[in-house]
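Chain residues, written in single-letter form:
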Amino acid sequence: MISAARLRRALVILAVALAACRDARDAPAAPSTLVIALSGDPGALNPAVTTSGSTHPVTDQMFNGLVGLDQDLRPVPELAERWTIEDDARSYRFHLRPGVTWHDGTAVTSADVKFTFEQALLKYHSRTRAALDGIFDRVDTPDALTAVIRLRRPYGALLQRLDEVEASIIPKHLYEGHDLLAGEPTRRPIGTGPFRFVSYAPGDRLVLEKNPRYFRPGLPSVDRLVFRILPNAVTAVAALESGEVDFVSSVPGPAVARLRQSNAVAVVPSTGGSGGSVCQDVLIPNVTRPPFDDLRVRRAFAHALDKRFIVDRVYFGQGRPATGPISHLLEWAYTPDVRQYPHDLVEARRLLDQAGLTPAPGGDRIALTFTHSNQHQRLAQVLREQLKPVGIRLELRTLDFNAQVEQVFVKKSFDLGLASFCNGADPDIGVRRVYVSSNIGPYPFSNGAGYRNAQVDQLFDRAAQLSDRGARRDTYVEIQRVLADDVPYFWLIDSEGLRAYRTAFTGFRLWTGAFVETVRPVATNTR
């Protein structure tokens, strides 16, 4: 028989235990942190003036477009809750969500949309500027929550280019009167997105935190994002395996099999994401000066490259040798039926002889400087070895990513450069900007080669005005054939990259720039 005293003690213990359970149930969940490896310093944080793959993984979590894109790349509501197409597709009327605020509490209005398009996107964003220059008329703002984009002629691809990657809306009240490329607002950005800026230590890390006023209730589920700047892919993967980071945007070939054996890591294919989708790595010759102003030299250079070796040994099979300016992944517009440049050293030497570049006693015909980022040192070394047998001496100039972009695209101080150009859902989004003459200027990821061809300009204009996809395909096939004959760039690889993340998290949307918005912890993460 239990004594009254022992019974009282037991009841007290039970009450304490129940209270502890109740407190544990009611206590807020431990803050969750997602750590993302970033391959380069993002630099100035204004997404409306750049297509940089180092900037957008960060800014796409802080900003929104008028529309988003679903997994099938169809437009869905974002800052605009609905829209109508008027005047035979010359006017697009967007109705903004009421009550959306910038991270500083200021209301988002149609004036922000007008400012973004007229003062940022159409002046600096290489893909938007190339596509809409000559088509865009103005943005009307009949009221604070209505923005009407007026075009001079119909443009069928508009809705696909209004997401956070192609057209992030920026705050007029902060950017007006400032340098949009490097002014104060680019250092402490204010957006509308699921995360807001906390701090940035260049060369080390960038920290964002959850936006408690985000217009999508319940999102985001992660409390804090930390972007660690790890330019070396091997180092980034090692950090993933050790649990120091939770997501890497690329996986070196030798690490793929090892990571796939780990239950703590998921390895998944992706051709989209921040910075754009359906990408190609492309060598950029400066065609405005010798030797690449000579078509024979460009064709010789193309024949000297062994692209299959490059894809297999540098990119470890994560892609396919590119055949021209449109990736095979953009199936409806792509054709392989264009002039090809198989690896042929004899033909390369013959063309260089024709161009008057005969070998000196030591075997060299010409010296070129290859300006590239430190992420591409292995590629640079392979290129140097492949070009040596035809008498092209490649001198390597290795810079950090942002400095390389500055030298190639802004200062035009280079012989040979490199970029990853992303096509997007339509060639008019990402292909056009690389080749039309109107996009030659000091803009990152524009027509860096300085290539001019009136026929190509006219063909891109024609394709943009057509609404029938079959007719548009015919025009893009013609464009590919003209460009393959002229070889203004050296197309290396249609990228088919791999991403990897720790399985302690789920919900990554790898087809879009805002890939973290729906991520949530599977288990408690209190890093």
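Nothing here was measured: the structure is a model prediction, and the numbers come from that model.

**Quick word on the nonpolar core**
Stage number 1. Counting residues in each nonpolar core, the largest one holds 69 residues, and the members touching the most others are Leu 283, Ile 284, Phe 301, Phe 421, Tyr 435, Tyr 489 and Phe 490.
Stage number 2. Beyond its immediate stretch of four places on either side in the chain, Phe 421 contacts Val 278, Cys 279, Gln 280, Val 282, Ile 284, Phe 409, Arg 433, Val 434, Phe 445, Ser 446 and Tyr 489.
Stage number 3. Formed by 62 residues, the second largest nonpolar core is a distinct cluster that contains Val 58, Val 139, Ile 149 and Leu 151.

**Quick notes on the packing of helix H7 (residues 233–242) against helix H8 (residues 253–260)**
Stage number 1. The interhelical angle for the contact between H7 and H8, taken along N-to-C directions, is 10°, at an axis separation of 11 Å. Classed by the angle they form, the pair H7 and H8 counts as roughly parallel. Here H7 contributes Val 237, Leu 240 and Glu 241 to the contact with H8, which in turn contributes Ala 255, Arg 258 and Leu 259.
Stage number 2. For the contact of H7 with H8, a count of residues per class yields 4 nonpolar, no polar and 2 charged.

**Here we look at helix H12 (residues 377–387)**
One turn of an α-helix holds 3.6 residues; hence residues three or four places apart share an orientation.
Stage number 1. Buried residues of H12: Leu 379, Ala 380, Val 382, Leu 383, Gln 386 and Leu 387, and no others. For H12, the angular spread of the buried residues around the axis is 165°, confining them to a single face.

**What about the pattern of salt bridges?**
Two side chains of opposite charge can pair, provided their charged atoms sit close to one another.
Stage number 1. Taken as a whole and assessed by the stated rule, the structure comprises 31 salt bridges.
Stage number 2. Two residues, Arg 216 and Glu 517, come together in a salt bridge whose shortest N-O distance is 3.1 Å. Of this pair, Arg 216 sits in the loop between strand S9 (205–210) and strand S10 (224–229) while Glu 517 sits in the loop between strand S20 (505–506) and strand S21 (520–521); the two residues are 301 residues apart in sequence, bridging distant segments of the chain.
Stage number 3. Linked by salt bridges that have partners in common, Asp 137, Arg 138, Asp 140, Arg 150 and Arg 152 make up one network.

**Some remarks on the packing of aromatic side chains**
Stage number 1. Inspection of the entire model under this criterion finds 16 aromatic pairs.
Stage number 2. Taken together, a centroid distance of 6.3 Å and an interplanar angle of 10° make the contact between Phe 117 and Phe 136 stacked. Here Phe 117 is found in helix H3 (residues 110–124), whereas its partner Phe 136 is found in strand S6 (residues 136–143), with 19 residues between them in sequence.
Stage number 3. When its relative accessible area of 1% is taken as the criterion, Phe 117 is described as buried.
Stage number 4. Measuring from centroid to centroid gives 5.0 Å for Phe 247 and Phe 515, while their planes differ by 35°, and the two rings are tilted. Note that Phe 247 is positioned in strand S11 (residues 247–248) and Phe 515 in the loop between S20 and S21, a separation of 268 residues in sequence.
Stage number 5. Classification of Phe 247 as buried rests on a relative accessible area of 4%.
Stage number 6. An aromatic cluster is defined as three or more aromatic residues linked by ring pairs; in this entry it consists of Phe 401, Phe 409, Phe 421, Tyr 435, Phe 445 and Tyr 489.
Stage number 7. Here the guanidinium or amino end of Arg 469 rests over the ring plane of Trp 332, the centre of that ring lying 4.3 Å away.

**Re the packing of helix H10 (residues 307–314) against H12**
Stage number 1. As a packed pair, H10 and H12 sit with axes 11 Å apart at the nearest point and diverge in direction by 150°. Put simply, H10 runs roughly antiparallel to H12. Crossing angle aside, the handedness with which H10 passes H12 is right-handed. Facing Phe 309, Ile 310, Arg 313 and Val 314 of H10, the residues of H12 in contact are Arg 378, Leu 379, Val 382, Leu 383 and Gln 386.
Stage number 2. By residue class, the composition of the contact of H10 with H12 is 6 nonpolar, 1 polar and 2 charged.

**Here's the deal with unusual backbone geometry**
Stage number 1. For the bond running from Leu 219 to Pro 220, omega is -5°, close enough to zero to count as cis.
Stage number 2. As for its position among the elements, Pro 220 is in the loop between S9 and S10.
Stage number 3. The backbone phi angle of Asp 87 is positive, close to 55°, even though this residue is not glycine.
Stage number 4. With a phi close to 55°, Asp 88 is a non-glycine residue in the positive phi region.
Stage number 5. Mapped onto the elements, Asp 88 comes out in the loop between strand S4 (80–86) and strand S5 (91–96).
Stage number 6. Judged by its relative accessible area of 63%, Asp 88 falls in the exposed class.

**Concerning the confidence of the model for the protein chain**
Stage number 1. When pLDDT is averaged along the protein chain, the result is 90, and 92% of the positions lie at 70 or above.
Stage number 2. Taken as a whole, residues 10–28 scores under 50 in pLDDT and shows 0 contacts with residues more than four places along the chain or in a different chain.

**Considering the sheet that holds S4**
Stage number 1. Pairing is antiparallel across the open sheet formed by 4 strands, whose spatial order is S4-S5-S7-S6. Whereas interior strands pair on both sides, the edge strands pair on one side only; in this sheet they are S4 and S6. Looking at each pair of strands side by side, their axes are set apart by 20° on average, direction ignored.
Stage number 2. Sheet analysis places S5 next to strand S7 (residues 146–151), joined by 5 bridges and oriented antiparallel. By the bridge assignment for S7, Arg 93 is matched with Val 148.
Stage number 3. Here H3 sits on the sheet and contacts S5, S6 and S7; the angle it forms with S6, its principal contact strand, is near 165°.

What counts as what
- Residues numbered from 1 in each chain as written.
- Predicted model: local features only at pLDDT ≥ 70, side-chain atom pairs only at ≥ 80, totals over all residues.
- Heavy atoms only, no water.
- Core = buried A, V, L, I, M, F, W, Y, C linked by side-chain atoms within 4.5 Å.
- Buried < 20%, exposed > 50% of the residue type's maximum accessible area, 1.4 Å probe, protein only.
- Contact = heavy atoms within 4.5 Å.
- Axes fitted to C-alpha atoms, helices over the stretch in contact; angles between N-to-C directions.
- Helix = DSSP H or I, 4+ residues; strand = E, 2+ residues; numbered from the N terminus.
- Parallel < 35°, antiparallel > 145°, perpendicular 65-115°, else oblique.
- Nonpolar A, V, L, I, M, F, W, Y, C, P; charged D, E, K, R; others polar.
- Arc of directions from axis to C-beta.
- Salt bridge = Lys/Arg side-chain N within 4 Å of Asp/Glu carboxyl O.
- Phe/Tyr/Trp six-rings, centres within 6.5 Å; stacked < 30°, edge-to-face > 60°.
- Lys NZ or Arg CZ within 6 Å of the ring centre and 35° of its normal.
- Left-handed = near helix turned anticlockwise from the far one by under 90°.
- pLDDT = per-residue confidence, 0-100.
- Pairing = 2+ DSSP bridges.

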